[in-house]
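One-letter residues, chain by chain:
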Amino acid sequence: MIGTGYVGLVTGTCLAEVGNDVLCLDVDARKIAILNGGGVPIHEPGLEAMIRRNVEAGRLRFTTDVDLAVRHGTLQFIAVGTPPDEDGSADMQYVIEAARNVGRRMTDWKIVVDKSTVPVGTADRVRDAIREELARRGVDVPFAVVSNPEFLKEGAAVEDFMKPDRVVIGADDERAVQALRAVYAPFQRSHDRVIVMDVRSAELTKYAANAMLATRISFMNELANLADRLGADIEAVRRGIGSDPRIGWHFLYPGVGYGGSCFPKDVKALQHTATMHGHPLKLLGAVDAVNEAQKRVLVDKIVARLGADLSGRTFALWGLAFKPNTDDMREAPSLVIVEALTSRGADVVAYDPVAMPEAKRAFGDRPGLSYASGPMAAARGADALVVVTEWTEFRSPDFDELKRVLKLPLVFDGRNLYEPALVRAAGLEHFSIGRH
């Protein structure tokens, strides 16, 4: 498993869990040291115990030794980062370098599996890179390149891997397809969830899935903003349309925009690919623009209520991670909200059950930002409460206590966690996204 980030670590650990001998490789010595010391560099429910169990059983190991890693596995999963370049394209240098490392060292048949989210055509580039390295060595060693995109939700990744709704395999080599089928057989005992297709279709499937989900979120955010102006209740609308089986319930929750390592990056990367091929996707351009604007909607509501100059104001911020059950701060709406509030002169006292260490790295020593030991500690003496992440522990606060500890009785609910009438009954003003 090349790369021990979010995808590589979850994939490697879950493969070890069903009996495979997995060696995880990373060039980041610090990360490997943490893993070898019994730590876990990411927060993912259920992962730490599974890692410990498989390390103790001898099925899961971690190394920085590239030679050892290439010798170890017939299947070489590439699960390295593909961060966005300035033009929105995915930066492929780590994927190609991983492929070259395999090509420089392989001595027998390998299946190189692209697990990272990569643009259409990457498998061809990986194949070419390996061939170049083999030619440079003057050897001819057979290999196959497969696209096997991940569909893991942060916060539920272990469960998603152990109980997949589909396994997409993009390959033109039947021997490689059968090998991947064998790898995934333990995860689909009840019925076959493998979908085999050509490599380019598999690569596009991953981007299409994330773009579709991002589109649903931006669509609901647009509707919620309209509901605000029309005096409609977006929660009633959500129930009204979600009950239609053609639409369904998933990803219909308005809020302060999506974030994380996937949706923002993948929407931009797919748009870049489409533009490079002379067919820019107008819809995706709108999805991205709506999302960026949505991260500022809550701040606009605060300014409308308290004025543009927030000097001397203090805001309690509940939630920093881009979603619950993760410490991932990448593209988190909290980054935009904290920046907007502090740049207007406000102080922000933040609390997150898991993401505060990661947030401190992301924000650095930002003037005006401090951290609290708990939700009520953050709220004490604040001019308003701002809810940014829908952690379970925020769902049912003591509103009477909240009114007592806040300086002003203001709740800006960026995730529509609370019934407006319930909050108002406690004597608090409630500002939400599309509710009344």
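In case you missed it, the structure is sitting above this.
As the structure is a computational prediction, the values presented were derived from the model and not from experiment.

## A few points about the pattern of salt bridges
Move 1: Inspection of the entire model under this criterion finds 32 salt bridges.
Move 2: Taking the shortest distance from any N to any O, the salt bridge between Arg-246 and Asp-244 comes out at 2.7 Å.
Move 3: Among the ionic contacts, a cluster of salt bridges with common partners joins Glu-97, Arg-100, Arg-104, Glu-132, Glu-133 and Arg-136.

## Things to note about the pairing of strand E3 (residues 75–78)
Along a regular strand, successive side chains alternate from one face of the sheet to the other.
Move 1: Looking at chain direction, E3 and strand E4 (residues 110–114) are connected through four bridges and run parallel. Residue pairing for E4: Leu-75 is matched across the bridge by Ile-111.
Move 2: For the handedness criterion, the β-α-β arrangement of E3, helix H5 (residues 93–105) and E4 is classed as right-handed.

## Brief notes about the nonpolar core
Move 1: Counting residues in each nonpolar core, the largest one holds 62 residues, and the members touching the most others are Phe-315, Leu-317, Leu-341, Leu-402 and Tyr-418.
Move 2: By residue number, the principal contributor to this core is helix H13 (residues 297–306), which donates six residues.
Move 3: Those residues in contact with Phe-315 that lie beyond four places of it in its chain are Ile-302, Leu-306, Leu-310, Leu-341, Ala-346, Asp-347, Val-348, Val-349, Ala-382, Ala-384 and Val-386.
Move 4: Core analysis: the second largest hydrophobic core is formed by 39 residues, Ile-2, Leu-25, Ile-96 and Val-102 among them.

## Topic: the packing of helix H1 (residues 6–17) against helix H3 (residues 47–56)
Two numbers describe a pair of packed helices, the interaxial angle and the distance between the axes.
Move 1: Viewed as axis vectors pointing N to C, H1 and H3 meet at an angle of 50°, and their least axial separation amounts to 9 Å. If you check the angle between H1 and H3, you find them oblique. The two elements H1 and H3 meet at a crossing, and its hand is left-handed. Here Leu-9, Val-10, Thr-13, Cys-14, Ala-16 and Glu-17 of H1 come into contact with H3, specifically with Leu-47, Met-50, Ile-51, Arg-53 and Asn-54.
Move 2: Here the residues of the contact of H1 with H3 are counted per class, giving seven nonpolar, two polar and two charged.

## Focus on unusual backbone geometry
Move 1: Phi is positive for Phe-251, which is not a glycine, with a value near 60°.
Move 2: Note on placement: Phe-251 falls in the loop between helix H10 (234–242) and helix H11 (263–276).
Move 3: Phi angles above zero are rare outside glycine, and Asn-416 is one such case at about 50°.
Move 4: Along the polypeptide, Asn-416 turns up in the loop between strand E12 (410–413) and helix H18 (420–425).
Move 5: What makes Asn-416 buried here is its relative accessible area of 18%.

## A word on the packing of aromatic side chains
Move 1: One pass over the full model with this rule turns up nine aromatic pairs.
Move 2: Each ring, one from Tyr-258 and one from Phe-263, has its centre 5.8 Å from the other, and the planes form 80°; the classification is edge-to-face.
Move 3: Exposure remark for Phe-263: the relative accessible area of 12% places this residue in the buried category.
Move 4: Here the aromatic cluster, defined as three or more aromatic residues joined through ring pairs, consists of Phe-161, Tyr-184 and Phe-187.
Move 5: Its guanidinium or amino end placed over the ring of Trp-109, Arg-175 lies 3.5 Å from that ring's centre, counting from NZ or CZ.
Move 6: In this arrangement the basic side chain of Lys-360 is found over the ring face of Tyr-371, its NZ or CZ atom lying 5.2 Å from the centre.

## Remarks on the environment of Ala-316
Move 1: Of note, Ala-316 is situated in strand E8 (residues 314–318).
Move 2: Between the C-alpha atoms of Ala-316 and Ser-370, which are 54 residues apart in sequence, the distance is 9.8 Å.
Move 3: For Ala-316, the residues in contact, after removing those within four places along its chain, are Val-349, Ala-378, Ala-379, Ala-382, Ala-384, Leu-385 and Val-386.

How each quantity is defined
- Residues numbered from 1 in each chain as written.
- Predicted model: local features only at pLDDT ≥ 70, side-chain atom pairs only at ≥ 80, totals over all residues.
- Heavy atoms only, no water.
- Salt bridge = Lys/Arg side-chain N within 4 Å of Asp/Glu carboxyl O.
- Pairing = 2+ DSSP bridges.
- Helix = DSSP H or I, 4+ residues; strand = E, 2+ residues; numbered from the N terminus.
- Right-handed = clockwise from strand over helix to strand, strands pointing away.
- Core = buried A, V, L, I, M, F, W, Y, C linked by side-chain atoms within 4.5 Å.
- Buried < 20%, exposed > 50% of the residue type's maximum accessible area, 1.4 Å probe, protein only.
- Contact = heavy atoms within 4.5 Å.
- Axes fitted to C-alpha atoms, helices over the stretch in contact; angles between N-to-C directions.
- Parallel < 35°, antiparallel > 145°, perpendicular 65-115°, else oblique.
- Left-handed = near helix turned anticlockwise from the far one by under 90°.
- Nonpolar A, V, L, I, M, F, W, Y, C, P; charged D, E, K, R; others polar.
- Phe/Tyr/Trp six-rings, centres within 6.5 Å; stacked < 30°, edge-to-face > 60°.
- Lys NZ or Arg CZ within 6 Å of the ring centre and 35° of its normal.

It is worth stressing that arrangement in space is one thing and function is another; only the former is reported here.
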